[in-house]
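Coordinates in review
What follows is each chain in one-letter form.
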Amino acid sequence: MNRFLEPHSLDCVDTGIAVASADLATESDRWPQFAPAAVNAGFRAACAVPMRLRDDVIGALTLLGTPPGAIDDASVALGQALADIATIGILQQRAIRHDEVVSEQLQATLHHRTVVEQAKGVLAEASGLDMHQAYLALRGYARAHHRRLSDVAHDVATSDLDPAELLTGSTDASRP
C-alpha cells in the first residue's frame with residue numbers, strides 16, 4: 001500500500017466521493033493501519049475529498065480533526081475548494097512537463113536527423129555515392145558494428161570516422 005495515500009483516501013479516489021469518519025478510534029476494522037496511527041498522532045476525525053477534473057480523479061485531500069465528530073460542512077467545502085485548486089495546479093504541471101518532454105524529444109530527433117544528413121553529405125562527397133547510397137552505407141556500418149546510426153553519423157560528420165573506413169567496414173550497405 002502506498003504510505004502516502006491512506007485507506008480512506010484510496011476509498012475516495014476509487015469512488016470519486018468524499019469519505020469521512022467522525023471517530024477514527026472506532027475505525028480500526030475498516031482501516032487497520034491508518035486509524036490507530038491517526039489516533040496515536042492526536043487525530044480523531046477525518047474526511048477525504050476527491051481531487052478531480054470532470055470524471056478523472058487524480059487523488060484525494062485529507063482533512064483531519066483533533067476532536068471526535070463529523071468535520072463540519074464549511075470545512076469540507078473549503079477542503080474541496082482547496083482540492084480543486086490543487087488539482088488544477090497538478091494537472092497544469094503535468095501538462096507543462098509533458099510539453100517539455102515532447103519538445104526535448106523533437107529537438108533530439110531533429111538534431112540526430114541533422115547529423116545523419118551531414119554525414120550523408122560528407123560520405124557522398126568523399127566517395128562519389130549518391131545520398132541514398134551514402135545513407136545505406138551509414139546504416140550498414142552501424143548495423144555491422146552494433147552501433148546507433150546517429151552515433152556513426154556523428155563520428156563521420158566530426159571526422160572521428162574516416163569515410164573510407166566506413167565504406168570498407170560496412171558489410172551490408174546494400175541491405176534494405
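Preceding this paragraph is the structure being described.
This section reports on the structure supplied with the text. (Residues numbered from 1 in each chain as written. Predicted model: local features only at pLDDT ≥ 70, side-chain atom pairs only at ≥ 80, totals over all residues. Heavy atoms only, no water.)

1. Side note on the packing of aromatic side chains
Here the structure, examined in full by the defined rule, presents one aromatic pair. Ring centres of tryptophan 31 and phenylalanine 34 lie 6.4 Å apart, and the angle between their planes is 75°; on these two criteria the pair is classed as edge-to-face. A relative accessible area of 11% means that phenylalanine 34 is categorised as buried. (Phe/Tyr/Trp six-rings, centres within 6.5 Å; stacked < 30°, edge-to-face > 60°. Buried < 20%, exposed > 50% of the residue type's maximum accessible area, 1.4 Å probe, protein only.)

2. Looking at the pattern of salt bridges
Note on pairing: side chains with opposite charge can pair once their charged atoms come close. A full pass over the atoms with the stated rule returns eight salt bridges. The partner of aspartate 23 in a salt bridge is arginine 44, and the shortest N-O contact between them spans 2.9 Å. Of the two residues, aspartate 23 is situated in the loop between strand S1 (19–21) and helix H2 (34–40) and arginine 44 in the loop between H2 and strand S2 (45–53); the sequence distance between them amounts to 21 residues. Given a relative accessible area of 26%, arginine 44 falls into the partly exposed group. The residue aspartate 155 makes a salt bridge to arginine 147 at a minimum N-O spacing of 2.5 Å. Take aspartate 155: its relative accessible area is 17%, and that puts it in the buried class. (Salt bridge = Lys/Arg side-chain N within 4 Å of Asp/Glu carboxyl O. Helix = DSSP H or I, 4+ residues; strand = E, 2+ residues; numbered from the N terminus.)

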